[in-house]
Every structure is written in structure tokens, then in C-alpha cells.
Amino acid sequence: MENRQTYHEHTDIENTLRLRQVLECLPPFCRDYFRSIDATTTTKTRISYAYDIRIFFQFLLDTNPSFKGKSMRDFTVDVLDQVKAVDIEEYEEYLKVYQNGDRLETNGERGLKRKISALRSFYAYYFKREMIQTNPAVLVDVPKIHQKSIVRLDADEVAMLLDYIEHCGEKLTGQKRVYYEKTKERDLAIVTLLLGTGIRVSECVGLDIEDVDFKNNGIKVTRKGGNEMVVYFGPEVEKALKNYLKVRENVTPLPGHEHALFYSAQRRRIGVQAVENLVKKYARQITTTKKITPHKLRSTYGTALYQETGDIYLVADVLGHRDVNTTKKHYAALDDARRRQAATAVRLREE
């Protein structure tokens, strides 16, 4: 069999090279930490942590007078002992809005939590190995995430969305009509697949043609963390995929993109941003009150599956949640609705 490099392998290589570049900017002692987490984290997590740690050191340089005139590469591990809990609290405040070169960066609850978690992990490594005497990061609370209600499409909106993608071209003219006809089957296949399987957008763009199995109606996806899993689909997804594959046969992909399932207009593997844009473009025509993204289509699928089966463990497994508590947290509101039904489900006396 041909030895091909998958999308995920290619992404891992790119992230590894980017991590090396960031490590060139960071203090030399940081390399030990990133080497230590290599086996337990994905390349995506490591590059995110590297960016987060870089922001922390930049904060020290920008705001702490005792480091005036120093560069990031000058720091040695004992700098961590000079930082107090109050400095990390100030860092948390700084992260909400800060200048990054020409850009103004902001962080919400999730961004703050990730950056403080990265710093905690970083400190824990050096403290555990007795390379530093203090660990101020554990004295600072990790920001609390307030759960938002799940935004999802209702059953009638799902039908309206698919109908719109299928027929909106009838109202278009000229170049818009040409572009629509060119991408219609692809867009319909992508949206139907996301709605019919609940896969992540990164899993969708990472699919190769060889990952689709019509004999068993399944697709092989690479989950977060690199685990492979077969996700099964129904007849509507099968029909949309087969219609798209007829169109795909006429595409001559650019070298290196021959195996991609979904192509962009440039004949490359379609990217995450392109899928997000097309989902938003179509969903805007169906609802103006809900901001629909590929992740919201995943929530729509998870909700429908839970309402049909009542099996939270099945939902967790199909969505690829490693911890069922993640799923429970997201679908707790549905449990409440089911419990309300219990109030009227049992009749004590016939009237």
C-alpha cells in the first residue's frame, strides 16, 4: 500500500517545527519542560502552551522594573522564584487586554483558564524536580468558566438549512450562480456530515477519501489526542457524500492534496476556516438570533442523539469526549427537561 502522509501527521510536523521556532525565543531552561510533556500531550497542546509561556515572560519584561533591559533569553530558572502570587494575579489581569506588537489581544474566561493552566503546569514541573523553592502558581485560583446554554439548531431549522443549501442557487445569477453550482454538492455534503455525525470541524477537514467506507457506512476519524475511531452515518449522509464524490471525480487536485476528501476552490484540502465561513454563510439565512458555527452543528447532533436515546454514555462515545462529565455538563439542561416530564408521566388517579 502507498505510504501517504495523513493530514494529521502533516499538521503534527508543522506544529513541531513551529514549536522549535518558539523555543528559540524562550529561555533555554524551558526546553526541559517541553521535552517532559512530549509523551502526554498533542503537538497542538504543546505549541499552545509555548505561546502562553512566551506571553508570561513578555509580561515580566514589560511590567517588572527589575527585569528592565533584559531579553527573554537572559532568564534562568531562578527567575521563577522571584515571581510572587500577586505577580501572577497581575498577569491574569494583564491577559484580559494586552498589546502584542501591533495587535490588541483579549482573553475571555476560556483563554484565561488555559493560560493560567499552562503556567501552573510549567511551574509544577520545576518545583517537583526541586529546581525552584516556591510554586506561586498553585496559590492563584484558575478562572472559573461559566457554562453557557447550548446554542443549537431546532429540528425545523436543520431541515431549512439543508433545503436552503440545496435550492438557494435558483435565486442567484451570474458569477454567484456559477460559484454556487461549483460548490453546492461539497457544501451540502460537509454540512450534512457535520449534522449527521457530530464530528469536529478539524476531524472533517482531516478526512481522506480512503477514510470513507460505504460498505459499513462509516468514516475513520482521528480524534483529539490522535486516537482513531470509526463513526457511522445514516442514509442522508450517504446520499450527500455520494453526490459530492461524483463532482470530486472532476477535480484535479494540487500535488500533495490527492487524498483529501473535501477540496477548496483552489483544489487544495479544505481548511477549518473555510468550513467555518461556509457554515456561517448558510446559517445566517436561516436564523439571525443564533450564531451557528460547525461546533454548534456538533451540539445540534449531540442534543438530537441524547433526546432520541437518553444514553449519555453513547453520546460521549460518539462525540469523542474522553470524560463523560464533559458531556453531562453540556447536556444537563436536557436532563432537567426530561425530569420535568416525569412530573406528569405517572397518573395517580384516573379523572
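Rules and cut-offs
- Residues numbered from 1 in each chain as written.
- Predicted model: local features only at pLDDT ≥ 70, side-chain atom pairs only at ≥ 80, totals over all residues.
- Heavy atoms only, no water.
- Helix = DSSP H or I, 4+ residues; strand = E, 2+ residues; numbered from the N terminus.
- Buried < 20%, exposed > 50% of the residue type's maximum accessible area, 1.4 Å probe, protein only.
- Contact = heavy atoms within 4.5 Å.
- Areas by Shrake-Rupley, 256 points an atom, 1.4 Å probe, with all protein chains shown as cover.
- Lys, Arg positive; Asp, Glu negative; His and termini not counted.
- Charge placed at Lys NZ, Arg CZ, Asp CG, Glu CD.
- Core = buried A, V, L, I, M, F, W, Y, C linked by side-chain atoms within 4.5 Å.
- Pairing = 2+ DSSP bridges.
- Polar contact = N/O pair within 3.5 Å; in protein donor to acceptor, adjacent residues only side chain to side chain.
- Phe/Tyr/Trp six-rings, centres within 6.5 Å; stacked < 30°, edge-to-face > 60°.
- Salt bridge = Lys/Arg side-chain N within 4 Å of Asp/Glu carboxyl O.

(A) Region of the structure containing the overall build of the protein chain. Each helix and strand counted, the protein chain has 14 helices and five strands in total. Seen along its three principal axes, the alpha-carbon backbone of the protein chain occupies a region of about 70 × 65 × 45 Å. Scored against the burial criterion, the 351 residues of the protein chain give a buried share of 42%. Sequence separation of 24 or more characterises 60% of the internal contacts of the protein chain that already satisfy a separation of 6 or more. Carbon and sulfur atoms provide 50% of the accessible area of the protein chain, an area that totals close to 20700 Å². Each charge sign in the protein chain was given a centre, from 57 positive and 50 negative side chains, and these centres are 2 Å apart.

(B) Structural view of the nonpolar core. Formed by 43 residues in total, the largest nonpolar core has its most connected members in F29, F34, F57, L80 and F122. When residues of this core are traced back to their parent elements, those giving at least two are helix 1 (7-25), helix 2 (30-36), helix 3 (43-63), helix 4 (79-82), helix 5 (85-96) and helix 6 (109-128). It is helix 3 that contributes the most residues to this core, 10 residues altogether. The contact partners of F34, leaving out residues within four places of it in the chain, are L19, L23, L26, R46, Y49, A50 and I53. Residues L153, I219, V231 and L261 belong to the second largest nonpolar core, which totals 42 residues.

(C) Region of interest: the sheet that holds strand 4 (residues 218-222). If you walk across this open sheet you meet the three strands as 3-4-5, and the pairing is antiparallel. Across the chains shown, the open sheet's two edge strands, defined by having one partner strand only, are strand 3 (212-213) and strand 5 (228-232). The pairing of strand 4 with strand 5 spans five bridges and is antiparallel. The partner of G218 across the bridge, within strand 5, is Y232.

(D) Expanded view of the side chain of E105. Structurally, E105 can be placed in strand 2 (residues 103-106). A polar contact of 3.4 Å, which involves the side chain of E105, links it to the side chain of N100. Ignoring any residue separated from it by four or fewer positions in sequence, one finds E105 in contact with K96, V97, Y98 and N100.

(E) Summary view of the packing of aromatic side chains. Tallied over the entire structure, the rule returns 19 aromatic pairs. Arranged with centres 6.2 Å apart and planes meeting at 35°, the rings of F29 and F122 form a pair that is tilted. Highlighted residues: F29 in the loop between helix 1 and helix 2 and F122 in helix 6, separated in sequence by 93 residues. You'll find F29 and F122 in the same group, each marked buried. Considering the side-chain rings of F29 and Y126, the 5.4 Å spacing of their centres and the 75° angle between planes classify their relative orientation as edge-to-face. Remark: Y126 occurs in helix 6 and F29 occurs in the loop between helix 1 and helix 2; sequence separation between them is 97 residues.

(F) Up close: the pattern of salt bridges. In the structure shown here, the tally under the stated rule is 15 salt bridges. Between D38 and R46 there is a salt bridge whose closest N-O contact spans 3.6 Å. Note that R200 and E203 form a salt bridge whose closest N and O atoms lie 2.7 Å from each other. A single salt-bridge network, built from bridges that share partners, covers D52, R114 and K115.

(G) Region of the structure containing unusual backbone geometry. A positive phi is found at E130, a non-glycine position, where the angle reads about 55°. In this structure, E130 sits in the loop between helix 6 and helix 7 (155-167). For E130, a relative accessible area of 69% gives the class exposed.

(H) Looking closely at the pairing of strand 4. Across the five residues of strand 4, four count as buried, placing the element largely inside the fold. In this sheet, strand 4 lies alongside strand 3 in antiparallel orientation, the contact comprising two bridges. Bridging from a neighbouring strand, D213 pairs with G218 of strand 4. Adjacent in sequence and paired antiparallel, strand 3 and strand 4 are bridged by four residues, among which N217 carries a positive phi angle near 50°.

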